[in-house]
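Understanding the architecture of this molecule
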Amino acid sequence: MSKTLSPKPRPLKSPGRPRQAQEQGARERLLDAASVLFAEQGFAETSTREICTAAGLNPGAIHYHFGDKDGLYRAVLARPLEVMSAQHQGFSEADLSLREGLSRFFGAFLNEAAEELELRLHLRELLKPSAVYAETIQEFIGPNQRALSELLARHIGVAPEEETVLQLGYGLVAMAQDYCLSRAFMQLLTPGYLADPAAFDRIRERLLDWAEVLVAHERARHAARPKATAPKKKTPAAKTPR
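Described below are features of the structure shown in this document. (Residues numbered from 1 in each chain as written. Predicted model: local features only at pLDDT ≥ 70, side-chain atom pairs only at ≥ 80, totals over all residues. Heavy atoms only, no water.)

**What to know about the overall build of the protein**
- Looking only at helices and strands, the protein has eleven helices and zero strands in total.
- Across the protein, helices and strands are ordered from the amino to the carboxyl terminus as α-α-α-α-α-α-α-α-α-α-α.
- Counting only residues that meet the buried cut, the protein has 33% of its 242 residues in that class.
- The contacts in the protein between residues at least 6 apart in sequence include a share of 68% that link residues at least 24 apart. (Helix = DSSP H or I, 4+ residues; strand = E, 2+ residues; numbered from the N terminus. Buried < 20%, exposed > 50% of the residue type's maximum accessible area, 1.4 Å probe, protein only. Contact = heavy atoms within 4.5 Å.)

Written as C-alpha cells, this is what we have:
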C-alpha cells in the first residue's frame, strides 16, 4: 500500500526585513518633507500635521519615529552634520602629521557644497536660534572643534585651552567652510573657476600651506615667550641674641 506523502510545509517568510525597509522609508519621507517645510516656513510655523500630509503618512508617524516635533527637527538638523562628522573621523590622530590631519579636516568642507535647504535652515537659526539647534551643534560640532584644538595645540606646544589655539582654529575653519557655504557666491563672482575638476585640489593644498605657516608662526611666538621663573624663597632673618 503506497503511502501518501504530505506536502512539505513552506518556510515562513520573515516579516522583519520588509517591515524594517518600510519603516526606514517612512522615516526618510518624514525627514525629506520636514526639511523642506522647516526651511521654507520655520520650525514654529510648521505643524506636525503639515509634515505628515506632505510625507503621505498618518498623523502618528512623527511620534512613532522621532518621539515628537523637537526630535524630528533635531534629526533634520543632524542629517548633514552626521555626514560631515563621518568625513572628519580620525583627523586628529597622534600618528598623523599636521598636514595629513588638516587635509582630512578640510576635505569635509571642500568635498561638497551645502544644499540649499541646509543653508536656509542654518540662516534661519542664525537669525532666531532654537534650543534644539544649540544642542545639535554641541553634539556634532563640539567634538570636532575640541579635536581640532588638540591637534593645533600639539603642534604649537601649548595647552588646547589657550586663546591662541581657539582663534587659530576658528580662522582655519572659516577659510575652509566658506568654500562649502559660499560656493554659490563664488560661482557668481568668478564664473567657471570652481567648475575646474582640479580647482579644489589646488584650494586644499593652498589652505594647507597657509595653515602650516600660521602654526609655525604661533609655535615660534610661544618659544620666544620669556619663561616664567619661580619666585625666590625668602631666607628668614637670623635672630639676634638679647
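What follows picks up the thread again.
**What to know about helix 2 (residues 48–55)**
- Turning to helix 2, its buried residues number three or more, namely I51, C52 and A55. Along the axis of helix 2, the buried residues cluster in a sector spanning 95°; they form a single face. Facing away from the buried side of helix 2 by more than 90 degrees, the exposed set consists of R49, T53 and A54.
- One or two residues past the end of helix 2 sits G56, with phi positive at roughly 70°. (Arc of directions from axis to C-beta.)

**Observations concerning the packing of aromatic side chains**
- Counted according to the given criterion, the structure contains six aromatic pairs.
- Site record: aromatic cluster; members linked through ring pairs are F91, F105, F106 and F109.
- Sitting above the plane of the F43 ring, K69 keeps its charged end 4.4 Å from the centroid. (Phe/Tyr/Trp six-rings, centres within 6.5 Å; stacked < 30°, edge-to-face > 60°. Lys NZ or Arg CZ within 6 Å of the ring centre and 35° of its normal.)

**Let's talk about the side chain of R183**
- Inspection of the secondary structure assignment puts R183 in helix 10 (residues 183–189).
- On the basis of relative accessible area, R183 is assigned to the buried category, the value being 11%.
- One polar contact links the side chain of R183 to the main-chain carbonyl oxygen of Y179, over a distance of 2.8 Å. (Polar contact = N/O pair within 3.5 Å; in protein donor to acceptor, adjacent residues only side chain to side chain.)

**Looking at the pattern of salt bridges**
- With the rule as written, the count across this model stands at nine salt bridges.
- For R221, the salt bridge is made with E218, and the minimal N-O distance between the two is 3.8 Å. A residue pair is termed a helical-turn pair when its members lie 3 or 4 positions apart in one helix, as R221 and E218 do in helix 11 (residues 199–224) at three residues.
- Of the residues examined, R221 reaches a relative accessible area of 52% and is grouped as exposed.
- Residue E218 is classed as buried on the basis of its relative accessible area, which comes to 16%.
- Here the residues in one salt-bridge network are R99, E205, D209 and E212, joined through shared partners. (Salt bridge = Lys/Arg side-chain N within 4 Å of Asp/Glu carboxyl O.)

**Focus: the environment of L181**
- You can see L181 is positioned in helix 9 (residues 163–181).
- Between the C-alpha atom of L181 and that of L119, which follows or precedes it by 62 residues, the distance is 7.2 Å.
- Apart from the residues within four sequence positions on either side, L181 is in contact with A114 and L119.

**A short note on a nonpolar patch on the surface**
- Together, F185, L188 and L189 make up a nonpolar patch on the protein surface, roughly 410 Å² of accessible area in all.
- Look at F185 and you get exposed, because its relative accessible area is 56%. (Patch = residues over 30% accessible without salt bridge, like charges linked within 9 Å, V, L, I, M, F, W, Y side chains within 5 Å. Areas by Shrake-Rupley, 256 points an atom, 1.4 Å probe, with all protein chains shown as cover.)

**Quick word on the packing of helix 4 (residues 69–88) against helix 7 (residues 131–140)**
- Packing of helix 4 against helix 7 brings their axes to within 10 Å, and their N-to-C directions diverge by 30°. Comparing the axis directions of helix 4 and helix 7 gives the class roughly parallel. The handedness of the crossing between helix 4 and helix 7 comes out as right-handed. Residues D70, Y73, R74, L77, A78, L81, E82 and S85 of helix 4 form the contact with helix 7, whose own contacting residues are V132, Y133, E135, T136, I137 and F140.
- Looking at side-chain class alone, the contact of helix 4 with helix 7 contains eight nonpolar, two polar and four charged residues. (Axes fitted to C-alpha atoms, helices over the stretch in contact; angles between N-to-C directions. Parallel < 35°, antiparallel > 145°, perpendicular 65-115°, else oblique. Left-handed = near helix turned anticlockwise from the far one by under 90°. Nonpolar A, V, L, I, M, F, W, Y, C, P; charged D, E, K, R; others polar.)

Any functional reading would require information that these geometric values do not contain.
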